[in-house]
Amino acid sequence: AQTVTQSQPEMSVQEAETVTLSCTYDTSESDYYLFWYKQPPSRQMILVIRQEAYKQQNATENRFSVNFQKAAKSFSLKISDSQLGDAAMYFCAYRSFIGGSNYKLTFGKGTLLTVNP
Amino acid sequence: DAGVTQSPTHLIKTRGQQVTLRCSPISGHKSVSWYQQVLGQGPQFIFQYYEKEERGRGNFPDRFSARQFPNYSSELNVNALLLGDSALYLCASTSPLQGYTFGSGTRLTVV
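What comes next is a walk through the structure. (Residues numbered from 1 in each chain as written. Chains lettered and ligands numbered in written order. Predicted model: local features only at pLDDT ≥ 70, side-chain atom pairs only at ≥ 80, totals over all residues. Heavy atoms only, no water.)

## Some thoughts on the interface of chain A and chain B
Taken together, the contact pairs 17 residues of chain A with 24 residues of chain B. Taking both sides of the interface into account, the surface hidden between chain A and chain B amounts to around 1,700 Å²; carbon and sulfur atoms contribute 50%. Taken together, the connections running from chain A to chain B amount to zero salt bridges. Where chain A touches chain B, the interface holds eight residue pairs in polar contact (both at pLDDT 80 or more). Every element with two or more residues in the side of chain A that touches chain B is listed here: β5 (33-39), β10 (88-99) and β11 (102-107) of chain A. Partitioning the side of chain A that touches chain B into residue classes produces seven nonpolar, five polar and five charged. (Contact = heavy atoms within 4.5 Å. Buried area = accessible area lost by both parts, 1.4 Å probe. Salt bridge = Lys/Arg side-chain N within 4 Å of Asp/Glu carboxyl O. Polar contact = N/O pair within 3.5 Å; in protein donor to acceptor, adjacent residues only side chain to side chain. Helix = DSSP H or I, 4+ residues; strand = E, 2+ residues; numbered from the N terminus. Nonpolar A, V, L, I, M, F, W, Y, C, P; charged D, E, K, R; others polar.)

## Here we look at the packing of aromatic side chains
Counting across every chain of the model gives 18 aromatic pairs over all chains. Ring centres of F68 of chain A and F75 of chain A lie 6.3 Å apart, and the angle between their planes is 80 degrees; this geometry places the pair in the edge-to-face category. One exposure class covers both F68 of chain A and F75 of chain A, and it is buried. Three or more aromatic residues joined by ring pairs make a cluster, and in this case those are Y33, F35, Y37, F91 and F107 of chain A together with Y35, F45, Y100 and F102 of chain B. Lying over the aromatic face of Y103 of chain A, R95 of chain A brings its terminal NZ or CZ to 3.6 Å of the ring centre. (Phe/Tyr/Trp six-rings, centres within 6.5 Å; stacked < 30°, edge-to-face > 60°. Buried < 20%, exposed > 50% of the residue type's maximum accessible area, 1.4 Å probe, protein only. Lys NZ or Arg CZ within 6 Å of the ring centre and 35° of its normal.)

## Topic: the side chain of T106 of chain B
Note on placement: T106 of chain B falls in strand β11 (residues 106-110). Within polar-contact distance, the side chain of T106 of chain B engages the backbone oxygen of P8 of chain B at 2.5 Å.

## Side note on the state of the cysteines
Per the stated rule, a full pass over the model turns up two disulfides over all chains. Here C23 of chain A engages in a disulfide with C92 of chain A; their sulfurs sit 2.0 Å apart. Across the S-S bond linking C23 of chain A and C92 of chain A, the dihedral sits near -65 degrees, which makes this disulfide left-handed. In this pair, C23 of chain A sits in the loop between β3 (19-21) and β4 (24-26) while C92 of chain A sits in strand β10, placing the two residues 69 residues apart along the sequence. Looking at C23 of chain A, the relative accessible area reads 1%, which means it is buried. Across a sulfur-sulfur distance of 1.8 Å, C23 of chain B and C91 of chain B are joined as a disulfide pair. (Disulfide = S-S within 2.5 Å.)

## Considerations on the environment of P61 of chain B
With respect to the helices and strands, P61 of chain B occurs in the loop between β6 (53-57) and β7 (64-68). Once the C-alpha coordinates of P61 of chain B and L97 of chain B are considered, the two residues, 36 residues apart in sequence, prove to be 32 Å apart.

## Let's talk about the nonpolar core
Counting 25 residues, the largest nonpolar core has Y25, W36, F75, L77 and Y90 of chain A as the members making the most contacts within it. Elements with a contribution of two residues or more to this core: β3, β5, β6 (46-52), β8 (64-69), β9 (74-79), β10 and β12 (111-116) of chain A. Counting residues per element, this core draws most heavily on β10 of chain A, which supplies four residues. Other than its neighbours up to four places away in sequence, Y90 of chain A contacts Q6, L21, W36, Y37, K38, V48, F64, L77, I79, G110, T111 and L113 of chain A. Core analysis: the next-biggest nonpolar cluster, separate from the first, contains 22 residues, C23, I46, L76 and A87 of chain B among them. (Core = buried A, V, L, I, M, F, W, Y, C linked by side-chain atoms within 4.5 Å.)

## Some points on unusual backbone geometry
With an omega dihedral of -10 degrees, the bond running from S7 of chain B to P8 of chain B counts as a cis peptide bond. Relative to the assigned elements, P8 of chain B resides in the loop between β1 (5-7) and β2 (10-13). Despite not being glycine, A16 of chain A has its phi angle at roughly 80 degrees, a positive value. Looking at where A16 of chain A falls in the secondary structure, it is placed in the loop between β2 (10-14) and β3. The backbone of R43 of chain A shows a phi angle near 85 degrees, a positive value even though the residue is not glycine. Along the chain, the position of R43 of chain A falls in the loop between β5 and β6.

Structure (structure tokens):
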């Protein structure tokens, strides 16, 4: 079974600085998707960025980028120029195949990010 | 466009009671999945439905059931509630292009 591990329960960063959140996963599949989700106090899971395993190029979305190391099964999220609105719980997730053309997400336990003014 | 709508937003139930949670997916999305998020943990997969059929089930007891209607909305039912069922229940609608879009969840408290 796939597992996702986030080893940093909490992280803090100064406004305008850069922070990196760590994620490792375990899988025997060769093709898969990885995601980072943000969950603010409003509770809604918001997609931050996604990475397809067969793509060697790391995904980037504005101030958010990933460092995807497939052999090491590592998928870290870098937030540049941190803003107060980035404060939230961040979840790493792995999409696994469950049959037919159907999938499920397996989430890590999350990292609570605090942004200090 | 409306996002994923879940109702109710909050709910308090007594142990042993039954609860029904509702989810309306994004228009055009035919797949709905349910996740349970216990406080301090990441969401855990409960069910996935596509075209009104169950396509996947997580490691949850038979007290948990769901269904999907012809308009692709979905209900999650939990019978014989336990204190441990207290959690945020998230619904996500899925499309091949847009991936997963989550609702804001239903906060269930069992007392």
